[in-house]
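# Descriptive structure summary
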Amino acid sequence: MRGPDLRETLSDETVAEIRAAWLEHGVLVFPDQLLTDRQQVAFSMRFGPLEEDLIDPSKFIANLGNLDEDGKLRDPASLKSRFLRANQLWHSDSAYFNAAAKFSFLNGRQIASDMQGGETQWADMRAAYDELDADKRSVIDGKVVLHDMQTSRAKTGRLLSPEERAKWPAVHHPMVRVHEETGRKALYVGSQATCVTGWDEVASQKLFAELMDFATHDRFVHTHRWRQGDLVCWDNRRTVHRQVAFDEARFPRVVVRTTVRGTAPDVIDGKPVDEFARARAAA
Ligand code: OGA
Ligand code: MN
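Read on for a plain summary of the structure. These figures come from a predicted structure and were not determined experimentally. (Residues numbered from 1 in each chain as written. Chains lettered and ligands numbered in written order. Predicted model: local features only at pLDDT ≥ 70, side-chain atom pairs only at ≥ 80, totals over all residues. Heavy atoms only, no water.)

By definition, the strands of a sheet pair up through backbone hydrogen bonds, in either a parallel or an antiparallel sense. The three strands are arranged E6-E5-E9 in an open sheet whose pairing can be described as antiparallel. Both edges of this open sheet fall to strand E6 (171–174) and strand E9 (193–196), since each of them pairs with a single strand only. Going across the sheet, the axis of each strand differs from the next one's by a mean of 35°, ignoring polarity. As paired strands, strand E5 (residues 144–147) and E9 are joined by three bridges and run antiparallel to one another. Bridged to His 147 within E9 is Ala 193. (Pairing = 2+ DSSP bridges. Helix = DSSP H or I, 4+ residues; strand = E, 2+ residues; numbered from the N terminus. Axes fitted to C-alpha atoms, helices over the stretch in contact; angles between N-to-C directions.)

Looking at the manganese ion (ligand 2), the protein donor atoms are His 91 (NE2), Asp 93 (OD) and His 241 (NE2), and they sit 2.1 to 2.2 Å from it. Summarised as a motif, the one-chain spacing of the donors to the manganese ion (ligand 2) is H-x1-D-x147-H. Of this pair, Asp 93 sits in the loop between helix H3 (79–84) and strand E3 (103–111) while His 241 is found in strand E12 (residues 239–243), placing the two residues 148 residues apart along the sequence. Here Asp 93 and His 241 have matching classes, each one buried. (Donors = N, O, S within 2.8 Å, 3.2 Å for Na, K, Ca; no water. Buried < 20%, exposed > 50% of the residue type's maximum accessible area, 1.4 Å probe, protein only.)

Turning our eyes to something else, we now look at the side chain of His 241. Overall, His 241 belongs to the buried group, its relative accessible area being 5%. Separated by 3.1 Å, the side chains of His 241 and Asp 93 make a polar contact. Residue contacts for His 241: discarding those within four places in its chain leaves Leu 89, Trp 90, His 91, Ser 92, Asp 93, Gln 121, Trp 122, Trp 234 and Asn 236. (Polar contact = N/O pair within 3.5 Å; in protein donor to acceptor, adjacent residues only side chain to side chain. Contact = heavy atoms within 4.5 Å.)

Okay, the site of ligand 1 next. Taken together, the residues surrounding ligand 1 are Leu 64, Asn 87, His 91, Asp 93, Leu 106, Thr 120, Trp 234, His 241, Gln 243, Arg 253, Val 255 and Arg 257. Asp 93 is positioned such that a nitrogen or oxygen atom in its side chain is 3.0 Å from an oxygen atom of ligand 1. Side-chain polar atom of Gln 243 to an oxygen atom of ligand 1: 3.3 Å apart, as the coordinates give it. Compared with its free state, where it exposes 290 Å², ligand 1 has 100% of that area covered by protein. Mapped by element, the contributors of at least two residues to the shell around ligand 1 are E12 and strand E13 (253–260). Of all the elements, E13 adds the most residues to the shell around ligand 1, at three residues. (Near = heavy atom within 4 Å. Areas by Shrake-Rupley, 256 points an atom, 1.4 Å probe, with all protein chains shown as cover.)

Let us look at the layout of surface pockets. Here the largest pocket is characterised by a volume of approximately 840 Å³. What lines the largest pocket is a set of 42 residues, and nearest its centre among them are Asp 53, Ile 55, Asn 63, Leu 64 and Leu 84. Broken down by secondary-structure element, the contributors of at least two residues to the lining of the largest pocket are strand E2 (62–63), H3, helix H7 (162–167) and E13. (1 Å grid on protein atoms, 1.4 Å probe; cavity = no way out; pocket = protein on both sides within 12 Å on 5 of 7 lines; lining within 4 Å. Points joined across faces, edges and corners; volume = space filled by probe spheres on them.)

Of note, Glu 131 is situated in helix H4 (residues 125–131). Considered as a pair, Glu 131 and Phe 214 are 83 residues apart in the sequence and their alpha carbons are 9.5 Å apart. Look past the residues within four positions of Glu 131 in its chain and what remains in contact with it is Arg 137, Phe 214, Arg 219 and Phe 220. Polar contacts involving the side chain of Glu 131 include one to the side chain of Arg 219, which spans 2.8 Å.

The next thing to look at is helix H8 (residues 201–215). With 15 residues, H8 should reach 21 Å at 1.5 Å per residue; the first-to-last C-alpha distance of 21 Å fits that figure. Among all positions in H8, only Ser 204, Leu 207, Phe 208, Leu 211, Met 212 and Ala 215 are buried. The buried residues of H8 occupy an angular sector of 130° when the element is viewed end-on, so they sit on one face. Residues of H8 that are exposed and point over 90 degrees away from its buried face: Val 202, Lys 206 and Asp 213. (Expected span 1.5 Å × (residues − 1). Arc of directions from axis to C-beta.)

Here we come to the environment of Asn 66. One can find Asn 66 in the loop between E2 and H3. A relative accessible area of 4% places Asn 66 in the buried class. Separated by 97 residues in sequence, Asn 66 and Glu 163 have C-alpha atoms that sit 24 Å apart. Aside from chain neighbours lying at most four places away, what touches Asn 66 is Lys 72, Leu 73, Arg 74, Phe 246, Glu 248, Phe 251, Pro 252 and Arg 253.

The antiparallel open sheet is built from five strands, whose spatial order is E1-E11-E3-E13-E2. Of all strands in the sheet, those with a lone pairing partner are strand E1 (27–30) and E2, marking the two edges. For E1 and strand E11 (residues 231–235), the ladder comprises four bridges, and the chain directions are antiparallel. The residue of E11 that forms the bridge with Val 27 is Trp 234. Across the sheet, helix H1 (residues 12–25) touches E1, E3 and E11, and the angle it forms with E1 is around 130°. Set on the sheet, helix H2 (residues 37–44) makes contact with E3, E11 and E13; between it and E13 the angle comes to about 30°.

Here it is, written out as structure tokens:
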């Protein structure tokens, strides 16, 4: 059976079916859906209001490809390519916003047919949480984590400028998130996780590394090998993802993303989120 043609306006029933399948599986793949920006935005908006592009807030779509404006391969050493390289670390989209992303849609607009590498991988943080032993759960339940974009950029060697830092300040999220729609718990840790509130950075990073090691074991991971026209959709509240490295100076790989905005928690662990920010400012 073929899936729906996502270039067309779908019925509410079809959208509800897709949403239900999405909540059940976490990641959905629709092959042969080479969309225009307008079609991708229209389809994505059926699932909620969209985030603006980080770089150009006049658009609801982000081009994460490795070609520049005139269609040539961009220098892998350019600022933009280095900025995007943080996508190779396990992360959940927009974890650096209070209202971290709900859903992401990534369309393979141009994928070299002889591509080597460049897959995208997802890890199921809900399945991983379910399998954590009781001791580990008792350590992490109720903990709050500071997420900072600078932390992931420091790992890929392209630090944010003072202006960028001011634009994207660090935010707090619970370490275990309860999904608003399914009620299921999932680990919420990724490349921006900086420290557990009340813990020092070394102990925090050690815990994050242990958890990510566990959660990205093969049995929790799905790898997608791209074909042009694939539309891959994931739930950021349940999964983390990363790009597998590839030769950026050789293979064109243009993927374009739309993102459904999340809602910020008012309260984390019984305390208003503001309280964490105030405590941190005072520290
Ligand atoms: C993203 C992302 C990874 C990739 O679109 O949010 O992290 O494989 N992409 O391009
Ligand atoms: Mn991403």
